[in-house]
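Architecture at a glance
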Amino acid sequence: MGPLSWEILDAEDITWLRDQESFPAAARIAAVTLARRMGFDEQRCAEVALAVSEAATNLRRHAVDGALLLRVVRTPHEAGVEFVTTDAGPGMADVAKSLTDGTSTAGTLGIGLGAISRLADTFRLHSLPGRGTVLTARFWPKSTDRRTVESDGPLVEGLTRAINGEDVCGDAWAARLVGARDESRAAASLPASSGTTPAAATGRDAEPAPRQLGWAELTGLRPPPVDVTPTRAPRAARAAGGDGERAVLVMCCDGLGHGPLAKRAAQAAVTAFRDSPSEQPDGVLNDVHKALRGSRGGAIAVVRIEPATRSVFFCGVGNISTFVVDPATETRRSLLSAPGIVGHQMPTLRTVRLDLPPEGAVVMHSDGLTERWQASDMPGFLDHTPLVAAAQLLREAGVRRDDAGVVVAKGPW
């Protein structure tokens, strides 16, 4: 078992673009606009635009039912741009060969995929011949040696997609770290909203830590504040408890219905999840239930993953599907939620435990994905990052008649 990166990125899905006549041009314009909002310089904006344009052109020429997602990813210190493409096209029998410059099946120069991989800080591709392909590429404001830092990728990543005809999605996901942590890595391991220092995590006296940069500062709308003291207890201090070992809390939420009101309920659930002082699934779910009173409510499930004890603890209410997947046997075990609506009809909560298999994954999704998928039908999809796995699941099992949300947690545990 290799070392865990203990990295969780905040992510915000901005827009899905579907394959159509003006697809490459529309994707390029949207990508440049987003990169500029994130404070990228003109050279980096041009690189993002070129990569997105190449990906969209590939979808246009080769794919069936191609789609491209633009989204924002954040660390405590910077914001980046990421895109994900999915399709139901012919796939690639030899991915390594397809990444080689000069390889083309359409009579072009064949440098598109290679160019994307060189321009991106993080590039991943997984293809199933005859089924389709998933590609992910992440860009940070300045070209740095982040490829080494992100070699293993975040522990938890997910995707959301709105129902056809809606611009916003009522599904959401979130993750955070809990438990005692090595103070030398605490600050780097925190979600973007934490704003803590290693000294705060250990409870030692320390100078007040400056607030982490927010959206306005990251996008250059206003200069960063100087010597701003946090107004609430740092998350690292709240997280340094439990059983003395690190753990990951993950939530998947399906806001009731569709549209803006469902999205509002889902975002309220995300905020309550992040702010909850509890480190156990049932305690977090109770806090989310209180926060959702007066809203539409929703179906919500929370898992706690403890690599040290090889345990997955689960508590859920409503129609959220949760599975523990063993990549060695390509089998999955389901965790069943109780009936009810968080924020309205809360049943008696019960937390259950399953073993965490070596290199295993936890998959959570709303009913915008069917449960008919099998790991054996997608060979190798868990060999990549959680984002690639989530995108393959959305491509394989997603439906257009409902909001869709899927989150995958996996690591070398």
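So, here's what we can say about the structure. Here the structure is a predicted model, which means the values were calculated and not measured. (Residues numbered from 1 in each chain as written. Predicted model: local features only at pLDDT ≥ 70, side-chain atom pairs only at ≥ 80, totals over all residues. Heavy atoms only, no water.)

Regarding the overall build of the chain
From N to C terminus, the chain includes 12 helices and 15 strands. Looking at the 413 residues of the chain, the share that counts as buried comes to 54%. When contacts within the chain are restricted to residue pairs at least 6 apart in sequence, those whose partners lie at least 24 apart make up 72%. (Helix = DSSP H or I, 4+ residues; strand = E, 2+ residues; numbered from the N terminus. Buried < 20%, exposed > 50% of the residue type's maximum accessible area, 1.4 Å probe, protein only. Contact = heavy atoms within 4.5 Å.)

Overview of the nonpolar core
Across soluble globular proteins, nonpolar side chains show a tendency to be buried alongside one another. Core analysis: the largest hydrophobic core is formed by 32 residues, its most contacted members being Phe40, Val52, Leu68, Phe83, Ile116, Ala137 and Phe139. For this core, the elements supplying multiple residues, two or more each, are α1 (23–37), α2 (42–62), β2 (67–74), β3 (79–86), α4 (112–119), β4 (122–128) and β5 (132–139). No other element matches the seven residues that α2 contributes to this core. Setting aside chain neighbours within four positions, we find valine 52 in contact with Ala27, Arg28, Ala31, Leu68, Leu70 and Phe83. (Core = buried A, V, L, I, M, F, W, Y, C linked by side-chain atoms within 4.5 Å.)

So, α2
Its 21 residues place the ends of α2 30 Å apart at the C-alpha level, agreeing with the 30 Å of an ideal helix rising 1.5 Å per residue. Residues of α2 that are buried: Arg44, Cys45, Glu47, Val48, Ala49, Ala51, Val52, Ser53, Ala55, Ala56, Thr57 and Leu59. (Expected span 1.5 Å × (residues − 1).)

Structural notes on the pairing of strand β7 (residues 171–178)
Taken across its eight residues, β7 has eight buried, putting it largely inside the fold. Here eight bridges tie β7 to strand β8 (residues 247–255), and the two strands are oriented antiparallel to one another. Directly across from aspartate 171, in β8, lies its bridge partner aspartate 254. (Pairing = 2+ DSSP bridges.)

Some details on the side chain of histidine 289
Looking at the secondary structure, you find histidine 289 in helix α11 (residues 281–291). Among the residues examined, histidine 289 registers a relative accessible area of 9% and is labelled buried. The contact partners of histidine 289, leaving out residues within four places of it in the chain, are Val342, Gly343, His344 and Met346.

Focus on the pattern of salt bridges
Within the structure shown, the criterion is met by 15 salt bridges. Between glutamate 42 and arginine 36 there is a salt bridge; the shortest N-O distance is 3.1 Å. For arginine 36, a relative accessible area of 46% puts it in the partly exposed group. In this structure, a network of salt bridges that share partners links the residues Asp13, Arg71, Glu82, Arg138 and Glu157. (Salt bridge = Lys/Arg side-chain N within 4 Å of Asp/Glu carboxyl O.)

Some details on the sheet that holds β4
Across the sheet, which stays open at both edges, the five strands sit in the order β1-β2-β3-β5-β4 with antiparallel pairing between neighbours. The open sheet has two free edges, formed respectively by β1 (10–18) and β4, since each of these has just one partner strand. Strand-to-strand twist in this sheet, taken as the mean axis angle between neighbours without regard to direction, amounts to 15 degrees. When β4 meets β5, the two strands line up antiparallel, connected through seven bridges. Across the sheet, the residue bridging to leucine 128 is glycine 132, located in β5. Contacts between α4 and the sheet are confined to β3, β4 and β5, with β4 contributing the most and set at about 145 degrees to the helix. (Axes fitted to C-alpha atoms, helices over the stretch in contact; angles between N-to-C directions.)

A look at unusual backbone geometry
Positive phi values are uncommon outside glycine, yet aspartate 65 reaches one of about 55 degrees. Along the polypeptide, aspartate 65 turns up in the loop between α2 and β2. Taking relative accessible area as the criterion, aspartate 65 reaches 42% and is therefore assigned partly exposed. Not every positive phi belongs to a glycine, and glutamate 359 is a case in point at roughly 60 degrees. Its place among the elements puts glutamate 359 in the loop between β13 (352–355) and β14 (361–365).

Observations concerning the sheet that holds strand β10 (residues 311–317)
Whenever strands of a sheet pair, they do so through backbone hydrogen bonds, lying parallel or antiparallel. The five strands lie next to each other as β7-β8-β9-β10-β13, forming an open sheet whose pairing is antiparallel. In the strand order of this sheet, the two ends are held by β7 and β13, each with one partner. In this sheet, adjacent strand axes meet at a mean angle of 20 degrees when their direction is disregarded. Here helix α10 (residues 259–275) sits on the sheet and contacts β7, β8 and β9 (298–306); the angle it forms with β7, its principal contact strand, is near 5 degrees.

Topic: the packing of α2 against α4
Taken N-terminus to C-terminus, the directions of α2 and α4 make an angle of 145 degrees; their axes are 9 Å apart at the nearest point. Helix-helix and strand crossings are classified by hand; for α2 and α4 the assignment is left-handed. Of the residues in α4, those in contact with Arg44, Glu47, Leu50, Ala51, Glu54, Ala55 and Asn58 of α2 are Gly112, Leu113, Ile116 and Leu119. Considering only residue class, the contact of α2 with α4 consists of six nonpolar, two polar and three charged. (Left-handed = near helix turned anticlockwise from the far one by under 90°. Nonpolar A, V, L, I, M, F, W, Y, C, P; charged D, E, K, R; others polar.)

Focus on the environment of alanine 291
Tracing the sequence through the fold places alanine 291 in helix α11. By relative accessible area, alanine 291 is classed as partly exposed at 40%. As for alanine 291 and alanine 269, which are separated by 22 residues in sequence, their C-alpha atoms are 7.0 Å apart.

What to know about the environment of alanine 265
Its place among the elements puts alanine 265 in helix α10. Sequence-wise, alanine 265 and glycine 170 are 95 residues apart; in three dimensions their C-alpha atoms are separated by 7.5 Å. Every residue in contact with alanine 265, bar those within four places of it in the chain, is listed here: Leu292, Ser295, Arg296 and Gly297.

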